[in-house]
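What follows is each chain in one-letter form.
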Amino acid sequence: MSALTGDTVVMKFGGTSVADAERIKHAAQRIARARDEGNRVVAVLSARGKTTDELVAMAREVSERPDPREMDMLLSTGERISCALAAMVLKDLGHQAVSLTGSQAGIVTDTSHTKARILDVRADRIIRALDEGQIVLVAGFQGVSTELDVTTLGRGGSDTTAVALAAAVGASVCEIYTDVSGVFSADPRIVPEARKLPQVSFEEMLEMAASGAKVLQLRSVEYARNHGVSIHCRSSYEEGPGTLVLTEEQTMERPLVTAVTHSTDEARVTLTGLPDVPGVAGRVLTVLAEANVNVDMIIQNEPESEGGRADMSFTVPRDDLEAARDALEPLKGELGIGEVSTDPRMGKVSLVGAGMKSHPGVAAKTFTVLGDAGVNIEMISTSPIKISCVVHEDDVREAVRQLHTAFELGVDAVRHEDVAGVHRPVVS
Ligand code: ADP
Ligand code: ASP
Ligand code: MG
């Protein structure tokens, strides 16, 4: 087969899209078709189905706190299996194909095991293989650290592998093939009438990914924005366009609210009896940052009297709760903290929309809708294009549905220029 000089495309297939032999064959056929159309093709594959969850469970069977370096050795195997199998299918179809681990593909990361960051992509081996006319299959979600250890990129990290490779090989597009047909106005598994968004801006997609819309990993969106990579998120099973992630200038629509997102993986930590002196909050957040724990919302209550003690609450991903507890333990004595209490069953519901900048009516309406639904709001945070409310995990689904209906985001919703008391901005 001859070498190609056409467009380079990166195609990423998620776990459900390669879950069994039939689906791997189907994905391989789609990859082969892109090659037959004259493209130079790099495909990034995720681990099959629930493989990563099973590997995590396997580690927990033998160790209460699995060593992070060894965890990465284990977790990286899932995506390698998918790539080797897909390469076999492609070869049977008469194509030249080669599967590579993240390390072989030149993905260099820092040393933060289980959530490493990509530092560099040395794509010469991939480019050489493409020049030879090969289809290159790269195991997603992994790299090699500056210490030469295998690392993984955090859950959902194959999206970031794909975007980083697209940037490194100068691909015209990074196609993310998944089990839904694009990015929707809410998780279609919770809101069946959710609307597929033909396009979404990087700014909105960043807020959506950060607030739980796991259809694209947050870091992949950051990487794409920083490196000018176009993402096309689309269905593995259906033809037809999905969702394009574009710069704000390129997006045509600017609705007040674009989507309702949610997460059911939050935990809350409350520190009571903190000394009310400058530097304490900084100390608390520093130890958490050193333990690589991402702190999301923070609330601090001032003491009622001078010299009194303050309380501080914040949310962390539930998976980081143990690490947060461990990191805070030594601070108890150092700062004289009264108590560290935790609530592992929190969730979050957020409204995202580039048009809501400086429209306080959206916040008012959000709180009213949740109040009417009997949902207690535990914490609130806002950005110019997002409002997030921490609620109990059990209230998340209902909160998402009520907000989606109230803001008329669905396929069949009649979209009004004035959303019940909130005036849409005039976009000039
Ligand atoms: P993959 O295995 O292909 O990486 P993921 O499970 O990571 O797929 O992401 C796709 C899932 O994201 C969908 O099945 C859907 O349930 C969920 N999801 C959450 N929010 C959204 C949204 N706003 N639009 C589309 N999908 C969403
Ligand atoms: N297999 C990994 C996970 O489940 C990475 C990915 O699928 O993107 O998180
Ligand atoms: Mg994913």
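Up top is the structure these notes are about.
Residues numbered from 1 in each chain as written. Chains lettered and ligands numbered in written order. Predicted model: local features only at pLDDT ≥ 70, side-chain atom pairs only at ≥ 80, totals over all residues. Heavy atoms only, no water.

Trainee: Even after reading the chapter, I still don't get the layout of surface pockets, so can you show me in this structure?
Mentor: Where empty space is left can be seen by rolling a probe of water-molecule size over the atoms. Each pocket or cavity is described by its volume, and for the second largest pocket that value is around 160 Å³. Residue lining of the second largest pocket: A116, R117, I118, L153, T160, Q217, R219, E222, Y223, N226 and H227, and that is the complete set. At 5 residues, helix α7 (residues 218–227) tops the list of elements feeding residues into the lining of the second largest pocket. (1 Å grid on protein atoms, 1.4 Å probe; cavity = no way out; pocket = protein on both sides within 12 Å on 5 of 7 lines; lining within 4 Å. Points joined across faces, edges and corners; volume = space filled by probe spheres on them. Helix = DSSP H or I, 4+ residues; strand = E, 2+ residues; numbered from the N terminus.)

Trainee: Would you take a moment to explain the packing of helix α6 (residues 202–210) against α7 for this structure?
Mentor: The relative placement of two packed helices is expressed as an angle between their axes plus a distance between the axes. Axis separation between α6 and α7 bottoms out at 8 Å; the angle between their running directions is 160°. By the angle class used here, α6 and α7 are roughly antiparallel. Judged by the sense of rotation from one axis to the other, the crossing of α6 with α7 is left-handed. Residues F202, M205, L206, A209 and A210 of α6 lie in contact with α7, whose contacting residues are L218, V221, E222, A224 and R225. When the residues that make up the contact of α6 with α7 are grouped by side-chain class, the tally is 8 nonpolar, no polar and 2 charged. (Axes fitted to C-alpha atoms, helices over the stretch in contact; angles between N-to-C directions. Parallel < 35°, antiparallel > 145°, perpendicular 65-115°, else oblique. Left-handed = near helix turned anticlockwise from the far one by under 90°. Contact = heavy atoms within 4.5 Å. Nonpolar A, V, L, I, M, F, W, Y, C, P; charged D, E, K, R; others polar.)

Trainee: Got a minute to help me understand the site of ligand 2 in this structure?
Mentor: Taken together, the residues surrounding ligand 2 are S46, A47, T52, E79, F141, R155, G156, G157 and S158. In this structure, an oxygen atom belonging to ligand 2 sits 3.0 Å away from a side-chain N or O atom of S46. In the model, an oxygen atom of ligand 2 is placed 3.3 Å from a nitrogen or oxygen of the G157 main chain. In isolation ligand 2 exposes 260 Å². Once the protein is present, 85% of that is buried. Per-class residue counts for the shell around ligand 2 are 2 nonpolar, 5 polar and 2 charged. (Near = heavy atom within 4 Å. Polar contact = N/O pair within 3.5 Å; in protein donor to acceptor, adjacent residues only side chain to side chain. Areas by Shrake-Rupley, 256 points an atom, 1.4 Å probe, with all protein chains shown as cover.)

Trainee: Whenever I open this one, the site of ligand 1 confuses me. Can you help?
Mentor: The environment of ligand 1 is made up of 17 residues, and the closest members are T178, D179, F184, D187 and R189. In the model, an oxygen atom of ligand 1 is placed 3.0 Å from a nitrogen or oxygen of the K12 side chain. The side chain of R189 places a nitrogen or oxygen atom 2.6 Å from an oxygen atom of ligand 1. Within the complex, the protein chains bury 90% of what would otherwise be the 570 Å² of accessible surface of ligand 1. Here the shell around ligand 1 is composed, by residue class, of 8 nonpolar, 4 polar and 5 charged.

Trainee: Help me out: how do you make sense of the nonpolar core in this one?
Mentor: If you look at the biggest cluster of nonpolar residues, it comprises 71 residues, and the most contacted ones within it are V10, I126 and M205. Take this core: its biggest share by element is 6 residues, from helix α5 (residues 158–169). Not counting residues up to four positions away in its chain, the partners in contact with M205 are V183, V200, V215, L216, V221 and V245. The next biggest cluster of nonpolar side chains, apart from the first, holds 24 residues, and it includes I31, A32, A97 and Y177. (Core = buried A, V, L, I, M, F, W, Y, C linked by side-chain atoms within 4.5 Å. Buried < 20%, exposed > 50% of the residue type's maximum accessible area, 1.4 Å probe, protein only.)

Trainee: I would appreciate a short explanation of the pattern of salt bridges in the present structure.
Mentor: For the structure shown, the criterion picks out 24 salt bridges. Among the ionic pairs, E322 bridges to R65, the shortest N-O distance being 3.4 Å. With a gap of 257 residues between them, E322 in helix α9 (residues 321–336) and R65 in the loop between α2 (51–62) and α3 (68–92) connect regions that are remote in the sequence. Classification of E322 as partly exposed rests on a relative accessible area of 43%. In this structure, the salt-bridge partner of E70 is R69, at a minimum N-O distance of 3.0 Å. What you see here is one network of salt bridges that share partners, running through R30, R33, E37 and E239. (Salt bridge = Lys/Arg side-chain N within 4 Å of Asp/Glu carboxyl O.)

Trainee: Teacher, can you tell me more about the packing of aromatic side chains here?
Mentor: Describing an aromatic ring pair means giving the distance of the ring centres and the angle of the ring planes. On inspection of all chains with the given rule, the structure shows 1 aromatic pair. Ring centres of F13 and Y177 lie 4.7 Å apart, and the angle between their planes is 10°; this geometry places the pair in the stacked category. Residue F13 is located in strand β1 (residues 8–13), and its partner Y177 is located in strand β9 (residues 173–178); the two are separated by 164 residues in the primary sequence. In this pair, the class of F13 matches that of Y177, namely buried. The cationic tip of K365 hangs over the ring face of F407; the distance from NZ or CZ to the ring centre is 4.7 Å. (Phe/Tyr/Trp six-rings, centres within 6.5 Å; stacked < 30°, edge-to-face > 60°. Lys NZ or Arg CZ within 6 Å of the ring centre and 35° of its normal.)

Trainee: Is there a simple way to explain the side chain of S82 in this structure?
Mentor: Structurally, S82 is set in helix α3. Residues in contact with S82, not counting those within four places in the same chain, are V18, I24, L45, S46, A47 and R48.

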